[in-house]
Structures are given as C-alpha cells and as structure tokens.
Amino acid sequence: MTIFNLFKKKSEARPIFAALGTDMHCHLIPQVDDGSKCMEESIDCLNTLKAVGYNKVIITPHFQHPRFPNTEEDIVRRYEEVIRAAREAGVEIEIAGIGGEYRIDSGFKPRLENPRFLKVADKYVLVEFSLHQQMMGCDEMIFDMQMKGYEVILAHPERYPYLSVGGTRMEQLKNQGVFFQVNALSLGGFYGEEARRRAFAMLDMGIIEFMGTDTHNNLYAQALTDLSCNRKVEKVLEKYEFLNNTLL
Ligand SMILES: [Fe+2]
C-alpha cells in the first residue's frame, strides 16, 4: 500500500441500483465455485448489495464441468444455509432465489437431456460462454434449449472478445430471442477497457435487457461501492430500461 492509498478516503456506498431492485447474478454461496470463500464474506457482500440499492438478490453459482461440478440438490441445500446465516446476521437484503450460471461448453450437452436447471426467478436459465475462445456449437445448444421452452439469458456478452458487437453472430442470438445481461462492473472498467467499451456500445444499441453485479467476493463488493459513486453509471441506470425489476 502506498502512502497515497493509506490516506485515500474510502468511498461510501450510494443506492444507485435501487431502480433495478433485484440483482440476478452473483456468486455468494460459499466455497462452491470461485465466489465467496466463507459465510462471513457472503454476508459482507450481501450487505454491500443492500447498501448500493438492491432490495432483492438471486444467487447464481457456477455450473461448469469439470471445474465446478456442482449439483442442483447440493446447491439448494447450501443456499438454505446462506438464508439461515443471513437471517441470524440481520442482513436486510431479501435473498429471493437460487439460480445458476451454466457454462456452455463440451460438458453442457448432457444437461439438455436431463434438464434440472436452477432458473433465475423460476423463469430464465442464465448461461455463459468461455471468456477466451469461441466454442463451436454454442449457439445451437442455446437454440435447442429454446426449442425445449427455456428462456435464456446470456451473461456478460461484453466479456467475450470474439463475439463482435453488432456482428452477425450477436445479431443471430438476439433474433433467436436470447436475453443479454451486462455486468455493472464492466461499466467502470473492472474487466478492462475493451469490456467497458463493448458494454456501453451494446447499451447504446438497445440489446441489453438485464444488469447483474456478478459479485464474487469482497474485492468485487468494494468495486461495486466505488462504482456507486460513478455519475456515468448512475446516468446509465436513469437512461436505459432493464427487466430486473420484473423478475420477482
Ligand atoms: Fe458469474
């Protein structure tokens, strides 16, 4: 820590996300993925979500084979533990549901045959792509899900550099009726300049339906607190309509 950081005043959370109402993407079941490491960290993050304006949260652990071999049954059991701990700790945000963030990769196909998806608000299946490389057949798997009657939300499209903004593939996903969810922290540059620029471009194009925090741990929570003081982000929340407040 430099002497400047030492004296830098910590920003105070402002409730700029109140208009969204519900955060529908975060990793606050302890020790099931790369999210929070213990219940205390989950509680701290939940308190931050409340402080920046959310009144409800839906938790969405990773389902990714073989890295995070979670089962729906186990996640539901652990979710109930989080609810109990939050109640005991006096957490004020309502923990309003358990979903999942399903990675579409080579391990995904069997899920289509035996679908037990944990859905966001019992309605949407939140999916993500690889952050690094395009996998053949992803879009077809999404199409198959839709044919089976699932509503699909693609998490953070701004974070896939190979998915060109406004390109044919993105257009096709939108034409198929895939919902897009931007990460709030992308708007502040948390994932780098390219993701920030792509996020704003997609907002301008009117192709983003949801905003999520994708909170993993205290580092994200601090970034979210800082972001709540960002006037440009506050303007985004005033200017664009999101579907978060239709969820529950
Ligand atoms: Fe996530």
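Keep in mind the model is a prediction, meaning the values are calculated, not measured.

What counts, and where the lines are drawn
Residues numbered from 1 in each chain as written. Predicted model: local features only at pLDDT ≥ 70, side-chain atom pairs only at ≥ 80, totals over all residues. Helix = DSSP H or I, 4+ residues; strand = E, 2+ residues; numbered from the N terminus. Buried ≥ 20, exposed ≤ 12 C-beta atoms within 10 Å, placed from the backbone. Contact = placed C-beta atoms within 7 Å. Pairing = 2+ DSSP bridges. Axes fitted to C-alpha atoms, helices over the stretch in contact; angles between N-to-C directions. Core = buried A, V, L, I, M, F, W, Y, C linked by C-beta atoms within 7 Å. Parallel < 35°, antiparallel > 145°, perpendicular 65-115°, else oblique. Left-handed = near helix turned anticlockwise from the far one by under 90°. Nonpolar A, V, L, I, M, F, W, Y, C, P; charged D, E, K, R; others polar.

(A) Structural view of the overall build of the protein chain. The number of helices and strands found in the protein chain is nine helices and nine strands. For the protein chain, the spread of C-alpha atoms along the three principal axes comes to 50 × 40 × 35 Å. For the protein chain, with 248 residues in total, the buried portion stands at 42%. Residue pairs at least 24 apart in sequence account for 79% of intrachain contacts in the protein chain once pairs closer than 6 positions are excluded.

(B) Highlighting the sheet that holds strand β1 (residues 22-23). Within the open sheet, the three strands sit side by side as β1-β2-β4. Their pairing is parallel. Lying at the two open borders of the sheet, with one neighbouring strand each, are β1 and β4 (94-98). Taken together, the two bridges between β1 and strand β2 (residues 56-59) define a ladder with parallel strand orientation. Across the sheet, residue T22 finds its bridge partner in β2, namely K56. The strands touched by helix α3 (residues 72-88) are β2 and β4; relative to β4, the strand with the most contacts, the crossing angle is about 180 degrees.

(C) Just the nonpolar core, in detail. Core analysis: the largest hydrophobic core is formed by 66 residues, its most contacted members being L46, V57, I59, V127 and V152. The greatest single-element share of this core, amounting to five residues, is contributed by helix α2 (residues 39-51). In this structure V127 touches Y102, I104, I142, V152, L154 and A155, once residues within four positions along its chain are discounted.

(D) The environment of G167, seen in detail. Of note, G167 is situated in the loop between β7 (151-155) and α6 (168-176). The spacing of G167 and F242 is 75 residues in sequence and 23 Å in space, taken between C-alpha atoms.

(E) Up close: the packing of α2 against α3. Put simply, α2 and α3 touch, their axes get as near as 10 Å, and they point 65 degrees apart. Considered as vectors, α2 and α3 are oriented roughly perpendicular to each other. By crossing handedness, the relation of α2 to α3 is classed as right-handed. For the pair formed by α2 and α3, the contact residues are M39, S42, I43 and L46 on the first element and V82, A85 and A86 on the second. By residue class, the composition of the contact of α2 with α3 is six nonpolar, one polar and no charged.

(F) Spatial organisation of the sheet that holds strand β3 (residues 62-63). Pairing in this open sheet of six strands is parallel, and the strands run β3-β5-β6-β7-β8-β9 from one edge to the other. The sheet is open, and its two edges are formed by β3 and β9 (210-212), each paired on a single side. Sheet topology note: the strand β6 (residues 124-128)/β7 ladder contains four bridges and is parallel. Its bridge partner lying in β7, V125 is registered against V152.

Structural measurements only, silent on function.
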